[in-house]
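# Commentary on secondary and tertiary structure
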Amino acid sequence: MKIMEKAWKENRGRERGTSLVEMALLLPFLLLLLMVAVDFGRAYYMSIEVDNAARAAAQYGINSPTDLTGMQTAAANDASDISSLAGWQAVATSGCMCADGTGATQTPCNTTSPPSCGSQTRVVDFVNITTQVSYTPFFAIPGVISGFTIKGAATFLTGTS
């Protein structure tokens, strides 16, 4: 028993500081992993915000299909925490098209000569909004992550012409 205690104490003295060395080797990798996770979370959050802003603007457009400025304002209001960032843009359009997707889409809809649809389909009105924002990561890695554009879109039918 005494031999094992002596061997353990001698061995323990030689291993002093190894956990500190291991931590020093792993810490940069762990910090890099944390930075990537934070940036990925921000990009994902912004993607959700951009999509929701487009959907909110299209919902506003159902009630006011000709108020394009109001739709853009609704998008900016819904994404108030990212609409002030560089590259924020909301573009609203409204028009009409054939319900089955055939025929030309008109933006805006010309009521005197709407798209020519087959006899079995009708002309429907729609609102469309696209939103986008430029994403720049906190921790840019040259050649790997430099930034990109996050886009969202929503199209709702507003009724029949």
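Further up the page is the structure itself.
Below: a short report on this structure. Note that the coordinates shown come from a computational prediction; the quantities given were computed from them, not determined experimentally. (Residues numbered from 1 in each chain as written. Predicted model: local features only at pLDDT ≥ 70, side-chain atom pairs only at ≥ 80, totals over all residues. Heavy atoms only, no water.)

## Let's talk about the packing of helix H2 (residues 18–63) against helix H3 (residues 68–78)
Their axes nearest at 8 Å, the elements H2 and H3 cross at an angle of 145 degrees. Considering only the axes of H2 and H3, their crossing is right-handed. Contacts between H2 and H3 involve Glu49, Asn52, Ala53, Ala56, Ala57, Tyr60 and Gly61 on the former and, on the latter, Gly70, Met71, Ala74, Ala75 and Asp78. For the contact of H2 with H3, the residue count by class is 7 nonpolar, 3 polar and 2 charged. (Axes fitted to C-alpha atoms, helices over the stretch in contact; angles between N-to-C directions. Helix = DSSP H or I, 4+ residues; strand = E, 2+ residues; numbered from the N terminus. Left-handed = near helix turned anticlockwise from the far one by under 90°. Contact = heavy atoms within 4.5 Å. Nonpolar A, V, L, I, M, F, W, Y, C, P; charged D, E, K, R; others polar.)

## Description of the packing of aromatic side chains
On inspection of all chains with the given rule, the structure shows 2 aromatic pairs. With 6.5 Å between their ring centres and 15 degrees between their planes, Phe40 and Tyr44 make a pair best called stacked. Remark: Tyr44 and Phe40 occur in helix H2; sequence separation between them is 4 residues, near one turn of the helix. Overall, the relative accessible area of 61% leaves Phe40 in the exposed class. Taking 5.1 Å as the distance between ring centres and 45 degrees as the angle between the ring planes, the aromatic pair formed by Tyr135 and Phe148 counts as tilted. In this pair, Tyr135 is assigned in strand S2 (residues 123–135) and Phe148 in strand S3 (residues 148–160), connecting sequence segments 13 residues apart. (Phe/Tyr/Trp six-rings, centres within 6.5 Å; stacked < 30°, edge-to-face > 60°. Buried < 20%, exposed > 50% of the residue type's maximum accessible area, 1.4 Å probe, protein only.)

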